[in-house]
Amino acid sequence: MSVEVTGSTVPRRQLGRHLRELRNQQRLTVRAAAERLEWSEAKMWRIETGQTSLRSLDVEAMCRIYGAPADLTEALMGLAKETKARGWWQAYGDVIPEGFDVYIGLEEAASQLSWYEQELVPGILQTGDYARTLIEADNPDMDQEEISRRVQVRMARQPLIRRKTAPLELVQDSELPNVSLRVIPFSAGVHPGVMSGPFVILRFPVNGDGRESEPATVYKDGFTGALYLDKPQEVERYARAFGSIQGACLDEDASRNLIQQAAEELRK
């Protein structure tokens, strides 16, 4: 049997994840849910694993039997429309409700992050005060309660690199065994990161057959939205860029010393 798949896998995988969680919350088996929807179990499996695109009406039917609230149902129906898109620009606001964050879901499922930043500390490593300063600067009209909520969400991501089961490997940070922080000195001159801008390559756990459980994905945060790239040639291009960026970096000890030196100068 072959399954025709079009567009980016990111919205399909995210939609499948949310639908699976909703089914589990209702303590429904795949068979029971399939019977209620008058679908085959194979179709349910393809949906929940992101192997196929979905119609909004199908998502609405699933949300109805799962008892999903109206705002989440609307968000998932909007996400279903994106499962057929060739590329996916995710602009939050009119469709996606609070707490529905595609990147966070991918980050939690990932086994490794290759993260390049030009000027900022990666979000998963930021302190509370640092995160608050950035969020306030980016959202000058936001009230303090909402700012605090966003800071809490950012801080809640950090246990991923310290979790006991399959801790996340961050290929760009400090003294944890699963973390490597490297800095590019100004003396390195022009390198691929100057042209690419900040990005994250997310890689996922390997199955028993040696293949990744999900396709590697490149995430780029933009001023008006975020870009998710998961075509092999796109990921490979960013992987090559990341390798070249690493080649221009100081080693871990020298990077750590440079950071400490900069911190001491700021304290003077």
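Everything below is about the structure shown above.
The structure presented is a predicted model; accordingly, all values stated were derived computationally and were not measured.

Basis of the calculations
- Residues numbered from 1 in each chain as written.
- Predicted model: local features only at pLDDT ≥ 70, side-chain atom pairs only at ≥ 80, totals over all residues.
- Heavy atoms only, no water.
- Helix = DSSP H or I, 4+ residues; strand = E, 2+ residues; numbered from the N terminus.
- Buried < 20%, exposed > 50% of the residue type's maximum accessible area, 1.4 Å probe, protein only.
- Areas by Shrake-Rupley, 256 points an atom, 1.4 Å probe, with all protein chains shown as cover.
- Core = buried A, V, L, I, M, F, W, Y, C linked by side-chain atoms within 4.5 Å.
- Contact = heavy atoms within 4.5 Å.
- Axes fitted to C-alpha atoms, helices over the stretch in contact; angles between N-to-C directions.
- Parallel < 35°, antiparallel > 145°, perpendicular 65-115°, else oblique.
- Left-handed = near helix turned anticlockwise from the far one by under 90°.
- Phe/Tyr/Trp six-rings, centres within 6.5 Å; stacked < 30°, edge-to-face > 60°.
- Patch = residues over 30% accessible without salt bridge, like charges linked within 9 Å, V, L, I, M, F, W, Y side chains within 5 Å.
- Salt bridge = Lys/Arg side-chain N within 4 Å of Asp/Glu carboxyl O.
- Expected span 1.5 Å × (residues − 1).
- Polar contact = N/O pair within 3.5 Å; in protein donor to acceptor, adjacent residues only side chain to side chain.
- Pairing = 2+ DSSP bridges.

> Would you mind going over the overall build of the protein in detail, with residue names and values included?
In terms of helices and strands, the protein carries 11 helices and 6 strands. Looking at the protein residue by residue over its 268 residues, the buried ones come to 42%. Surface exposure of the protein reaches about 15,600 Å², of which carbon and sulfur atoms provide 50%.

> I'd like to hear about helix 4 (residues 56-66), residue by residue, with values.
Along helix 4, the positions that sit buried rather than exposed are Ser56, Asp58, Val59, Ala61, Met62, Cys63 and Tyr66. Immediately beyond the C-terminal end of helix 4, within one or two residues, lies glycine 67, with a positive phi of roughly 70 degrees.

> Residues and numbers for the nonpolar core, please.
Among the nonpolar cores identified, the biggest contains 21 residues, and Leu15, Leu19, Leu22, Met44, Met62 and Leu76 are the most heavily contacted of them. In contact with methionine 62, other than residues within four places in its own chain, are Leu19, Leu37, Trp39, Met44 and Ile47. Counting residues in hydrophobic clusters, the runner-up holds 17 residues, among them Leu113, Leu168, Tyr219 and Tyr228.

> An account of the packing of helix 4 against helix 5 (residues 70-82) is needed here, citing residue identities and associated values.
Packing of helix 4 against helix 5 leaves a shortest axis separation of 8 Å and a crossing angle of 150 degrees. In terms of their interaxial angle, helix 4 and helix 5 are classed as roughly antiparallel. Relative to helix 5, the crossing made by helix 4 is right-handed. Along the contact surface, helix 4 presents Ser56, Val59, Glu60 and Cys63, while helix 5 presents Thr73, Leu76, Met77, Ala80 and Lys81.

> Before we move on, could you go through the environment of proline 198 and cite the residues and values that matter?
Within the secondary structure, proline 198 is located in the loop between helix 9 (192-196) and strand 4 (199-203). Overall, proline 198 belongs to the partly exposed group, its relative accessible area being 33%. A C-alpha to C-alpha distance of 7.7 Å links proline 198 and tryptophan 115, two positions 83 residues apart in sequence. Apart from residues lying up to four places away in sequence, proline 198 is in contact with Tyr116, Glu117, Gln118 and Lys220.

> Mind laying out the packing of aromatic side chains, listing which residues take part and the relevant values?
Counting across every chain of the model gives 4 aromatic pairs. For the pair tyrosine 116 and phenylalanine 199, a centre-to-centre distance of 6.0 Å together with 50 degrees between the ring planes defines the contact as tilted. Of this pair, tyrosine 116 sits in strand 2 (residues 112-116) while phenylalanine 199 sits in strand 4, and the two are 83 residues apart along the sequence. Both residues of the pair, tyrosine 116 and phenylalanine 199, count as buried.

> I'd like a description of a nonpolar patch on the surface, backed by residues and values.
Among the surface-exposed residues, Val190, Val194 and Met195 lie close enough to one another that they form a single nonpolar patch of about 360 Å² accessible area. Residue position: valine 190 is located in the loop between strand 3 (169-170) and helix 9. The exposed category is assigned to valine 190, whose relative accessible area is 73%.

> Any details on helix 8 (residues 144-156)? Residues and values, ideally.
The periodicity of an α-helix, 3.6 residues per turn, causes residues three or four positions apart to be oriented the same way. The first and last C-alpha atoms of helix 8 sit 18 Å apart over 13 residues, in line with the 18 Å expected at 1.5 Å per residue. Taking the backbone nitrogen of glutamate 145 as reference, a side-chain oxygen 3.1 Å away marks aspartate 143 as the first, capping residue of helix 8.

> Can you explain the pairing of strand 6 (residues 226-229)? Please cite residues and give values.
Side chains of strand 6 alternate between two faces, with Ala226 and Tyr228 and Leu227 and Leu229 buried alike. Note that strand 5 (residues 217-221) and strand 6 share 4 bridges and pair antiparallel. The partner of valine 218 across the bridge, within strand 6, is leucine 229.

> Just give me the short version of the environment of leucine 113, but keep the residues and values in it.
Structurally, leucine 113 is set in strand 2. Owing to a relative accessible area of 0%, leucine 113 belongs among the buried residues under this scheme. Separated by 104 residues in the primary sequence, leucine 113 and threonine 217 place their C-alpha atoms 9.9 Å from one another.

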